[in-house]
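# Notes for the structure review
So you can see what is in the structure, the chains are spelled out below.
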Amino acid sequence: MEKQATFSDLTVLWKRWSEYRVVEQTFNRRKFRYLVPVPGATEMTYNCAEHAEQMVADALELGRQLNMEGADQDCLCADFAARYGLLGPDVELGQAIGEGPDTPPPFRPVGTAEYGEDMELFQKEFKRLYQHLLHANGGEKAPAGELIGLLPYRLTAGRTPQLIWEIKSLESLLRLTYAALITAPNKTLKTCKNCGRVYYNSRAKSKFCSTRCRNVYNVRAFREK
Ligand SMILES: [Zn+2]
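First things first, this report covers the structure right here in the doc. Just so it is clear, the structure is predicted and the values come from calculations on it, not from any experiment. (Residues numbered from 1 in each chain as written. Predicted model: local features only at pLDDT ≥ 70, side-chain atom pairs only at ≥ 80, totals over all residues. Heavy atoms only, no water.)

Examined against the element boundaries, arginine 33 turns out to sit in strand β3 (residues 30-37). Along the sequence, arginine 33 and alanine 59 sit 26 residues apart, while their C-alpha atoms lie 20 Å from each other. In this view, arginine 33 contacts Val22, Val23, Glu24, Asp74, Glu117, Asp118 and Met119; residues no more than four positions away in its chain are not counted. Side chain to side chain, arginine 33 and aspartate 74 meet in a polar contact 2.5 Å long. (Helix = DSSP H or I, 4+ residues; strand = E, 2+ residues; numbered from the N terminus. Contact = heavy atoms within 4.5 Å. Polar contact = N/O pair within 3.5 Å; in protein donor to acceptor, adjacent residues only side chain to side chain.)

The following block contains the structure:
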């Protein structure tokens, strides 16, 4: 798989748990829904930059599915979190950590078993990315503004200096990789001509997410002739 030169040396260690669920909790007399690890789930640390392009495609596909009627949104979000972890939106600027036993999940240290994220905000991130992609691909509805981020970087010394982004959260990695892919001259984020799924493929000719979809499409096209 072709890699973005900008991210070739990047390592972003991120925590994910084997299973997530949605819990309801009242905070300031308001009811919130949080995505949290299931008790007894296993913790894993991995380099989320390694397959960042695949993650972006999966995130866009999640955004697409969240927009579909009848989708089990909680389940879709829990699946994404089990694959990649939570987003960590407050990590870059420094998280506010609460002390008390009633501290809501977003104010617990990121990556721990007690940490969780607001479902509404979690879903918004994916829907927004997908809206941006749709519009970039000629869709009518404009996305809600630009995507912004705050990231430190360093430029290495030597004969072939490298620009390295100092990424600390999954959310930053997701946004920056998406930004790099959507602005690249060759389109690598594709929509399957058969099932509509968003997928990543660096080959210009690719039109289907899988061999199965290509076959199904071709058989149907043949029958319709
Ligand atoms: Zn497909």
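This part covers the sheet that holds strand β2 (residues 20-27). Strand order in the open sheet made by the three strands is β2-β3-β5, with antiparallel pairing throughout. Strands at the two margins of the open sheet, each flanked by one partner only, are β2 and β5 (117-118). Sheet topology note: the β2/β3 ladder contains eight bridges and is antiparallel. Bridge assignment links glutamate 24 to a residue of β3, and that residue is arginine 33. (Pairing = 2+ DSSP bridges.)

This next bit is on the coordination of the zinc ion. Tetrahedral metal sites with four donors have an ideal angle of 109.5 degrees; octahedral sites with six donors have ideal angles of 90 or 180 degrees. Those protein atoms acting as donors to the zinc ion are Cys192 (SG), Cys195 (SG), Cys209 (SG) and Cys213 (SG), and they sit at 2.3 to 2.4 Å. Every donor counted, the four donor atoms about the zinc ion form angles of 107 to 114 degrees at the centre, which fits tetrahedral coordination. Mapped onto the sequence, the residues coordinating the zinc ion show the spacing C-x2-C-x13-C-x3-C. Of the two residues, cysteine 192 is situated in the loop between β8 (189-191) and β9 (198-200) and cysteine 213 in helix α5 (residues 211-224); the sequence distance between them amounts to 21 residues. Overall, cysteine 192 belongs to the buried group, its relative accessible area being 4%. (Donors = N, O, S within 2.8 Å, 3.2 Å for Na, K, Ca; no water. Tetrahedral: all angles 85-135°; square planar, octahedral: opposite > 155°, others 65-115°. Buried < 20%, exposed > 50% of the residue type's maximum accessible area, 1.4 Å probe, protein only.)

Here we take up the packing of aromatic side chains. A complete count under the given rule lists eight aromatic pairs for this structure. With 4.9 Å between their ring centres and 45 degrees between their planes, phenylalanine 80 and tyrosine 84 make a pair best called tilted. With a gap of four residues between them, phenylalanine 80 and tyrosine 84 both fall in helix α2 (residues 73-84), about one helical turn apart. In terms of burial, phenylalanine 80 and tyrosine 84 fall into one category: buried. (Phe/Tyr/Trp six-rings, centres within 6.5 Å; stacked < 30°, edge-to-face > 60°.)

The residue leucine 173 is located in helix α4 (residues 170-183) in this model. A residue is classified by how much of its surface remains accessible, and leucine 173, at 0% relative accessible area, is buried. Sequence-wise, leucine 173 and glycine 196 are 23 residues apart; in three dimensions their C-alpha atoms are separated by 25 Å. Other than its neighbours up to four places away in sequence, leucine 173 contacts Leu10, Cys48, Ala49, Ala52, Met55 and Ile167.

In this section: unusual backbone geometry. Of note, the phi angle at asparagine 28 is positive, near 55 degrees, even though the residue is not glycine. Residue placement: asparagine 28 occurs in the loop between β2 and β3. The backbone of arginine 29 shows a phi angle near 60 degrees, a positive value even though the residue is not glycine. With respect to the helices, strands and loops of the structure, arginine 29 is situated in the loop between β2 and β3. A relative accessible area of 85% places arginine 29 in the exposed class.

Viewed as axis vectors pointing N to C, helix α3 (residues 119-136) and α4 meet at an angle of 5 degrees, and their least axial separation amounts to 12 Å. One element, α3, and the other, α4, form an angle in the roughly parallel class. Contact residues: Glu125, Phe126, Arg128, Leu129, His132, Leu133 and Ala136 in α3; Glu171, Leu174, Arg175, Tyr178 and Ile182 in α4. Classifying every residue of the contact of α3 with α4 by side-chain character gives seven nonpolar, one polar and four charged. (Axes fitted to C-alpha atoms, helices over the stretch in contact; angles between N-to-C directions. Parallel < 35°, antiparallel > 145°, perpendicular 65-115°, else oblique. Nonpolar A, V, L, I, M, F, W, Y, C, P; charged D, E, K, R; others polar.)

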